[in-house]
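Below, each chain spelled out in residue letters.
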Amino acid sequence: MAPASISVSEAAAEAARLAEGAKTLDELIAAIEGFEGSPVKATANRTVIFDGNPDSGVMIIGEAPGAEEDRQGKPFVGAAGRLLDQMLAAIGLDRDHAYITNVFFWRPPGNRTPTPQEIALCQPFVRRHVELVRPKAILAMGGTSAKSLFDTDTGITRLRGQWKDVAYGTVTVPTLASFHPAYLLRQPAQKRLSWEDLLAFKARVESAQ
């Protein structure tokens, strides 16, 4: 279905139907790639879904693709992605030992923040994604991600450092809110708080081994 031919409610129902029908990770990825209910998809070059290892037990969920992600088709590959790689390395992880995705799969025009309505449209896919991957813990990076996963309007400066056991379909996963690497590039003084979050995240993952 073309975006112009269906209403927002119809697109949301289609997303929920496709997500529920995906029984494997490959089926879900195909469903997301085939979904035409988001008008933003028409302005993006790629559908950007994941990078890393789905069997790692570690899931990182960011916000939305930027320009470089849109070119390469993978999340977190621009400047923020390079910082994320450094952050992961500091706690002994890399992309072979983490699974990385976003709460929105297409680059919004001008790199703007996705609207709450756009995020909500992808939420069935995101929650099914977690349900299929079944990570030991999730690191929600950035306000858009944390607010969506925690189902709250509270800003990231108040959410960061907070854990919440979030239900994703039939699984419940401890989820930690933290700053987005792009924010840390603009506000390097906040890296100290981010480091505290990373250490807490590492400890939670290791305790679940």
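Keep in mind the model is a prediction, meaning the values are calculated, not measured.

**Q** Before we go on, may I ask you to explain the sheet that holds strand β3 (residues 99-102) in this structure?
**A** The strands making up a sheet associate through backbone hydrogen bonding, with each pair oriented either parallel or antiparallel. Pairing in this open sheet of six strands is mixed, and the strands run β1-β3-β2-β4-β6-β5 from one edge to the other. This sheet does not close on itself; its edge strands, each paired only once, are β1 (51-52) and β5 (163-168). Sheet topology places strand β2 (residues 58-62) next to strand β4 (residues 137-141); four bridges connect them, and they run parallel. Counterpart to I60 in the pairing with β4 is L139. Its contacts with the sheet put helix α5 (residues 116-133) on β2, β3, β4, β5 and β6 (171-178), and the angle it makes with β5 is roughly 95°.

**Q** It is not clear to me how the packing of helix α1 (residues 8-21) against α5 should be interpreted in this structure. Could you clarify?
**A** For any two helices packed against each other, one specifies the crossing angle of their axes together with the interaxial distance. Their axes nearest at 7 Å, the elements α1 and α5 cross at an angle of 10°. Considering the angle they form, α1 stands roughly parallel to α5. Together, V8, A11, A12, A15, A16, L18, A19 and E20 of α1 and L121, P124, F125 and R128 of α5 make up the contact between the two elements. When its residues are assigned to classes, the contact of α1 with α5 shows ten nonpolar, no polar and two charged.

**Q** Looking at this model, I keep getting lost on the side chain of R160. Mind explaining?
**A** Relative to the assigned elements, R160 resides in the loop between α7 (156-159) and β5. On the basis of relative accessibility, which here comes to 16%, the residue R160 falls in the buried class. Within polar-contact distance, the side chain of R160 engages the side chain of D197 at 2.5 Å. The contact partners of R160, leaving out residues within four places of it in the chain, are A177, S178, F179, L193, E196 and D197.

**Q** I keep staring at the nonpolar core and nothing clicks. Help me out?
**A** Inside soluble globular proteins, nonpolar side chains tend to come together where they are buried. By size, the foremost hydrophobic cluster in this structure holds 62 residues, and its most contacted members are F125 and L149. The element best represented in this core is α5, accounting for seven residues.

**Q** Help me understand the side chain of E131, please; the structure alone is not making it clear to me.
**A** By the element assignment, E131 lies in helix α5. A polar atom in the side chain of E131 sits 2.7 Å from the side chain of T170. Apart from the residues lying within four places of it in its own chain, the contact partners of E131 are Y168, G169, T170 and V171.

**Q** Explain unusual backbone geometry here, please?
**A** Note: most residues except glycine have negative phi, and most peptide bonds are trans. In this model, F76 sits at a positive phi of 55°, which is unusual for a non-glycine residue. Looking at the secondary structure, you find F76 in the loop between α3 (67-72) and α4 (79-90). Accessibility expressed as a relative area gives 5% for F76, which makes it buried. Positioned with a positive phi, R134 is a non-glycine residue whose angle comes to about 55°. Inspection of the secondary structure assignment puts R134 in the loop between α5 and β4.

**Q** Just to check I follow, could you spell out the pairing of β4 for this structure?
**A** The two faces of a sheet get side chains in turn, since along a regular strand they alternate between them. Among the five residues that make up β4, five are buried, leaving the element largely enclosed by the rest of the structure. Neither face of β4 is exposed, since A137, L139 and M141 on one face and I138 and A140 on the opposite face are all buried.

Reading the values: rules and limits
- Residues numbered from 1 in each chain as written.
- Predicted model: local features only at pLDDT ≥ 70, side-chain atom pairs only at ≥ 80, totals over all residues.
- Heavy atoms only, no water.
- Pairing = 2+ DSSP bridges.
- Helix = DSSP H or I, 4+ residues; strand = E, 2+ residues; numbered from the N terminus.
- Contact = heavy atoms within 4.5 Å.
- Axes fitted to C-alpha atoms, helices over the stretch in contact; angles between N-to-C directions.
- Parallel < 35°, antiparallel > 145°, perpendicular 65-115°, else oblique.
- Nonpolar A, V, L, I, M, F, W, Y, C, P; charged D, E, K, R; others polar.
- Buried < 20%, exposed > 50% of the residue type's maximum accessible area, 1.4 Å probe, protein only.
- Polar contact = N/O pair within 3.5 Å; in protein donor to acceptor, adjacent residues only side chain to side chain.
- Core = buried A, V, L, I, M, F, W, Y, C linked by side-chain atoms within 4.5 Å.

Remember, this is a structural readout, not a statement about activity or role.
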